[in-house]
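Chain residues, written in single-letter form:
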Amino acid sequence: RRTLSVSLCSDVVINSLLALTGLALLGYYRVNAAELASGESLQSVADQLFPRFIISRMPSGMSGLVIAAILAAAMSSLSSGVNSTSAVLSEDFMARLPGGRLVGVAAVTRMKWLSWLVGAMAVALSALNSFIEGNLIERCYKIVNLLTAPLFVLFFLALFVPWANAVG
């Protein structure tokens, strides 16, 4: 309960700070509309305003620190996602195959190859992201909501259908 309380409080603080940052950027570019290129509107380049502000308006040392922090956060999320996806593929799928349970150096080698494969798939899927219409928030909703129905079915089966097991 304490963990949930801390998580909820920190989510409120972080989301409030992000919302205030977005409102400050919106106010800045409304006042300084001349900094937008001709033919650009706030709506058409909304996803580019924060990086543009970091590059053009922050002092060089500060902009480098902000970019480094953003890249470090992205790498942290990417590495944990690749690690957990590789572990699930190895332990929940490959280990159940006949002769699939590996130990020692063979298990480490398989995890390295799975990590490379999952990383390459993440890069390939990220490249395909440019073909999805909409801004960043709309794209995130479209991609994340692809998993909503399958996850609901899995949780529903686990909670309410007693014969939904390995044998069933």
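Every value quoted in this text rests on a predicted model; they were computed, and no experiment measured them. (Residues numbered from 1 in each chain as written. Predicted model: local features only at pLDDT ≥ 70, side-chain atom pairs only at ≥ 80, totals over all residues. Heavy atoms only, no water.)

A. Inspection of the environment of Ser 41 at higher detail. Relative to the elements of secondary structure, Ser 41 occurs in the loop between helix 1 (2–31) and helix 2 (49–57). On the basis of relative accessibility, which here comes to 30%, the residue Ser 41 falls in the partly exposed class. (Helix = DSSP H or I, 4+ residues; strand = E, 2+ residues; numbered from the N terminus. Buried < 20%, exposed > 50% of the residue type's maximum accessible area, 1.4 Å probe, protein only.)

B. Representation of helix 4 (residues 105–128) within the structure. The terminal C-alpha atoms of helix 4, which comprises 24 residues, lie 35 Å apart, in line with the 34 Å expected from a rise of 1.5 Å per residue. Where helix 4 is concerned, the buried positions are Arg 110, Leu 114 and Val 118. Buried residues along helix 4 sit against helix 3 (60–93). (Expected span 1.5 Å × (residues − 1). Contact = heavy atoms within 4.5 Å.)

C. Highlighting the confidence of the model for the chain. Averaged over all residues, the pLDDT of the chain equals 86, while 98% of them reach at least 70. Between the elements of the chain, mean pLDDT differs from a low of 79, seen in helix 5 (residues 136–144), to a high of 93, seen in helix 1. (pLDDT = per-residue confidence, 0-100.)

D. Up close: the packing of helix 1 against helix 2. Where helix 1 meets helix 2, the axes come as close as 10 Å, and the angle between the chain directions of the two elements is 70°. Between helix 1 and helix 2, the interaxial angle falls into the category roughly perpendicular. Here the hand of the crossing between helix 1 and helix 2 comes out left-handed. In this structure, helix 1 uses Thr 21, Leu 25, Tyr 28 and Tyr 29 to contact helix 2, whose residues at the interface are Leu 49, Phe 50, Arg 52, Phe 53, Ser 56 and Arg 57. (Axes fitted to C-alpha atoms, helices over the stretch in contact; angles between N-to-C directions. Parallel < 35°, antiparallel > 145°, perpendicular 65-115°, else oblique. Left-handed = near helix turned anticlockwise from the far one by under 90°.)

E. The arrangement of the packing of aromatic side chains in detail. Inspection of every chain in the model, using the stated rule, returns 4 aromatic pairs. An angle of 75° between the planes, with centres 5.2 Å apart, marks the rings of Tyr 28 and Phe 53 as edge-to-face. Separated by 25 residues along the polypeptide, Tyr 28 in helix 1 and Phe 53 in helix 2 bring together distant segments of the chain. Looking at Tyr 28, the relative accessible area reads 22%, which means it is partly exposed. Overall, Phe 53 belongs to the partly exposed group, its relative accessible area being 21%. Centre to centre, the rings of Phe 156 and Phe 160 are 5.3 Å apart; their planes meet at 50°, and the pair counts as tilted. Residue Phe 156 and its partner Phe 160 are located together in helix 6 (residues 148–160), separated by 4 residues, close to a single helical turn. Phe 160 sits in the exposed class, given a relative accessible area of 58%. Ring-pair connections join several aromatic residues into one group, and the members of that group are Tyr 28, Tyr 29 and Phe 53. (Phe/Tyr/Trp six-rings, centres within 6.5 Å; stacked < 30°, edge-to-face > 60°.)

F. Representation of the pattern of salt bridges. By the definition in use, this model includes 3 salt bridges. Arg 57 is paired through a salt bridge with Glu 35; the nearest N and O atoms lie 2.9 Å apart. Of this pair, Arg 57 sits in helix 2 while Glu 35 is found in the loop between helix 1 and helix 2, placing the two residues 22 residues apart along the sequence. (Salt bridge = Lys/Arg side-chain N within 4 Å of Asp/Glu carboxyl O.)

G. Looking closely at the packing of helix 3 against helix 4. At a closest axis distance of 9 Å, the pairing of helix 3 and helix 4 adopts a crossing angle of 125°. The pairing of helix 3 with helix 4 is recorded here as oblique in orientation. Regarding helix 3 and helix 4, the two cross each other, and that crossing is right-handed. Across the interface between the two elements, Leu 78, Val 82, Thr 85, Ser 86, Ala 87, Leu 89 and Ser 90 of helix 3 pack against Arg 110, Met 111, Leu 114, Ser 115, Val 118, Gly 119 and Ala 122 of helix 4. Residue composition of the contact of helix 3 with helix 4, grouped by class: 8 nonpolar, 5 polar and 1 charged. (Nonpolar A, V, L, I, M, F, W, Y, C, P; charged D, E, K, R; others polar.)

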